[in-house]
Amino acid sequence: MTKNIATEEDQSKAKTRRAHGEFVRGVSGFRHAIGDPEFPPEPGRYHLFVALNCPWCHRVTLARAVLGLQSSITMDVAFPNRTDEADPAGPNLWEFAPGRIASLTGATLPECTFETGTGDGVRLAKEIYQREGSDEQSVPILYDKVAGRIVNNESAEIIRMLDRHAEALGAAAQHPSLVPADPALRSDVDALNERIYVTINNGAYKAGFSSDQAIYAQAYEAYFETLAFLEALLSDGRAFLTGGAFTEADLRLFPTLYRHDPVYYIRMKLNGAKILDYPHLWRWLCRVYALDGVADAGSLIHCRQGYFGRSWNSVVPLGPQMPMSYPEAYRHPDLSDKS
């Protein structure tokens, strides 16, 4: 499968860049594809391992939802906080533990599951990789239940293969085409994907997790420059980023903007403005949220628990509450007119 900057970050001098305070995202190691001879597109064959707080996983759960693949691609959900130093397997590992209590709610999270894809009920995502001799531990993972193998763990590639093979995988009769057939429109989607990945999706992490002030400032400025660009793009009345149809560009933008006001504004130090301050972007965000399956494909409780539960004191903010709580706010596109 072809790789490009819209799927992964340049790894040149990564060690040196990290040493100087830059956040550099690693490269996913499993890059097979549904449609390869050993991985035929069949309903019921594939399984996803995800965490709902992770925006890269959110891309995949969104694709599964909008394509109507919920009944034909099974899924397990990890607890949003990873293991700590007290865990016998070590810290920072994704865990399938539906009995864990979320500090935000004081209760278990109903979306969390045991691991069911391998048939062995493993506890950690890392164990799924270890079965194939890999030391990776990230999610999402696209898994072939028949072959007992990991297919792919790069979210951008997973959403493309789900779209390409949607019908053969058992998609709903009526579903969007995420990658347009028209070459000019597809070129627009690819260009948007690249800018959104660099400055918004990965840019949020560059701002929030880099420890150098100048690197943070550069990421911050690029993030808000792109928000202004997207606001202007939507100002002509189009429903979605490339026109009247929902595409992959919309899908890839949504997870970050969904998190911005209630999480990233504080946690990623992206406090220049809220999405609510961009009327056209806000209405776009609400429009996407209203699409079938989208609201159930993510969870702000998991996002808050996952991001703030890993902060220095593990205390999870309760807001914002004005002008109303999130995600309820996403059901009110007119809120931007009152901001």
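For the structure itself, look to the data block above.
Quantities reported herein were computed from a predicted structural model and do not represent experimental measurements. (Residues numbered from 1 in each chain as written. Predicted model: local features only at pLDDT ≥ 70, side-chain atom pairs only at ≥ 80, totals over all residues. Heavy atoms only, no water.)

Helix and strand content of the protein chain: ten helices and four strands. Listed by position from the N terminus, the elements making up the protein chain come as α-β-α-β-α-β-β-α-α-α-α-α-α-α. Here the C-alpha radius of gyration of the protein chain, 19 Å, is about what a compact globule of 339 residues would show, namely 20 Å. In terms of overall dimensions, the protein chain has C-alpha extents of about 50 × 50 × 45 Å along its principal axes. (Helix = DSSP H or I, 4+ residues; strand = E, 2+ residues; numbered from the N terminus. Rg over C-alpha atoms; globule rule 2.2 N^0.38 Å.)

So, about unusual backbone geometry. Cis rather than trans, the peptide bond between G319 and P320 has omega equal to 0 degrees. One can find P320 in the segment after α10 (300-308). Residue P323 follows M322 across a cis peptide bond; omega there is 0 degrees. Counting through the fold element by element, P323 comes out in the segment after α10. In this model, N92 sits at a positive phi of 70 degrees, which is unusual for a non-glycine residue. The residue N92 is located in the loop between β2 (74-77) and α3 (125-130) in this model. With phi around 60 degrees, K269 is a residue other than glycine that occupies positive phi space. Counting through the fold element by element, K269 comes out in the loop between α8 (248-267) and α9 (279-289). Judged by its relative accessible area of 40%, K269 falls in the partly exposed class. (Buried < 20%, exposed > 50% of the residue type's maximum accessible area, 1.4 Å probe, protein only.)

Moving on to the environment of A273. Relative to the helices and strands, A273 resides in the loop between α8 and α9. With 49 residues separating them along the chain, A273 and F224 place their C-alpha atoms 8.2 Å apart. When near neighbours in sequence (up to four residues on either side) are disregarded, A273 contacts F224, H260, Y265 and Y278. (Contact = heavy atoms within 4.5 Å.)

The next thing to look at is the packing of helix α2 (residues 55-66) against helix α6 (residues 183-209). Orientation of α2 relative to α6, taken along the N-to-C sense of each, is 130 degrees, at an axis distance of 11 Å. One way to sum up the angle between α2 and α6 is to call them oblique. Contacts between α2 and α6 involve P55, W56 and R59 on the former and, on the latter, Y197, N201, N202 and Y205. Tallied by class, the residues present in the contact of α2 with α6 amount to four nonpolar, two polar and one charged. (Axes fitted to C-alpha atoms, helices over the stretch in contact; angles between N-to-C directions. Parallel < 35°, antiparallel > 145°, perpendicular 65-115°, else oblique. Nonpolar A, V, L, I, M, F, W, Y, C, P; charged D, E, K, R; others polar.)

Before going further, it helps to spend a moment on the nonpolar core. By size, the foremost hydrophobic cluster in this structure holds 94 residues, and its most contacted members are L241, W282 and W284. Residues contacting W282, with those up to four places away along its chain left out, are D261, I275, L276, Y326, A329, Y330, H332, P333, L335 and S336. (Core = buried A, V, L, I, M, F, W, Y, C linked by side-chain atoms within 4.5 Å.)

Take the packing of aromatic side chains next. Tallied over the entire structure, the rule returns 19 aromatic pairs. Centroid distance Y216 to Y220: 5.8 Å. Interplanar angle 55 degrees. Geometry classified as tilted. Remark: Y220 and Y216 occur in helix α7 (residues 213-234); sequence separation between them is four residues, near one turn of the helix. Taking relative accessible area as the criterion, Y216 reaches 15% and is therefore assigned buried. Given the relative accessible area of 23%, Y220 is considered partly exposed. (Phe/Tyr/Trp six-rings, centres within 6.5 Å; stacked < 30°, edge-to-face > 60°.)

Let's shift gears to the pairing of strand β1 (residues 46-50). Counting buried residues along β1, five of its five residues qualify, which places the element largely inside the surrounding structure. Where burial is concerned, the two faces of β1 agree: the one with Y46, L48 and V50 and the one with H47 and F49 are both buried. Here four bridges tie β1 to strand β3 (residues 141-144), and the two strands are oriented antiparallel to one another. Residue pairing across strands places L48 opposite L142, the latter belonging to β3. Summarising the sheet, β1 and β2 pair through four bridges and their orientation is parallel. Residue pairing in the sheet places L48 in a bridge with M75 of β2. Handedness of the crossover joining β1 and β2 through α2 is recorded here as right-handed. (Pairing = 2+ DSSP bridges. Right-handed = clockwise from strand over helix to strand, strands pointing away.)

In this section: the sheet that holds β1. The mixed open sheet is built from four strands, whose spatial order is β2-β1-β3-β4. A single partner strand is all that each edge strand has here, and the edge strands are β2 and β4 (149-152). Across the sheet, the mean angle separating the axes of adjacent strands is 30 degrees when strand polarity is ignored. In the packing of helix α4 (residues 155-164) onto the sheet, contacts are made with β1, β3 and β4, and the angle to β4 comes to roughly 90 degrees.

What follows covers the state of the cysteines. Following the criterion strictly, the structure yields zero disulfides and no others. Just so you know, C57 is unpaired, no disulfide at all, and the nearest cysteine sulfur is the one on C54, 3.6 Å from it. Exposure remark for C57: the relative accessible area of 0% places this residue in the buried category. Its sulfur unpaired, C112 is 12 Å from the next cysteine sulfur, which belongs to C57. (Disulfide = S-S within 2.5 Å.)

To continue, consider α7. A turn of α-helix holds 3.6 residues, and therefore any two residues three or four places apart point the same way. Taking 1.5 Å as the rise per residue, α7 with 22 residues should run 32 Å; its terminal C-alpha atoms sit 32 Å apart, in good agreement. Those residues of α7 lying buried are I215, Y216, A219, Y223, F224, T226, L227, L230, E231, L233 and L234. Looking at the buried positions of α7, the neighbouring elements they touch are α6, α8 and α9. At the N-terminal end of α7, a side-chain oxygen is found 2.9 Å from the backbone nitrogen of A214, two or three residues along, and the residue is D212. (Expected span 1.5 Å × (residues − 1). Polar contact = N/O pair within 3.5 Å; in protein donor to acceptor, adjacent residues only side chain to side chain.)

That's the geometry; what it means functionally is another story.
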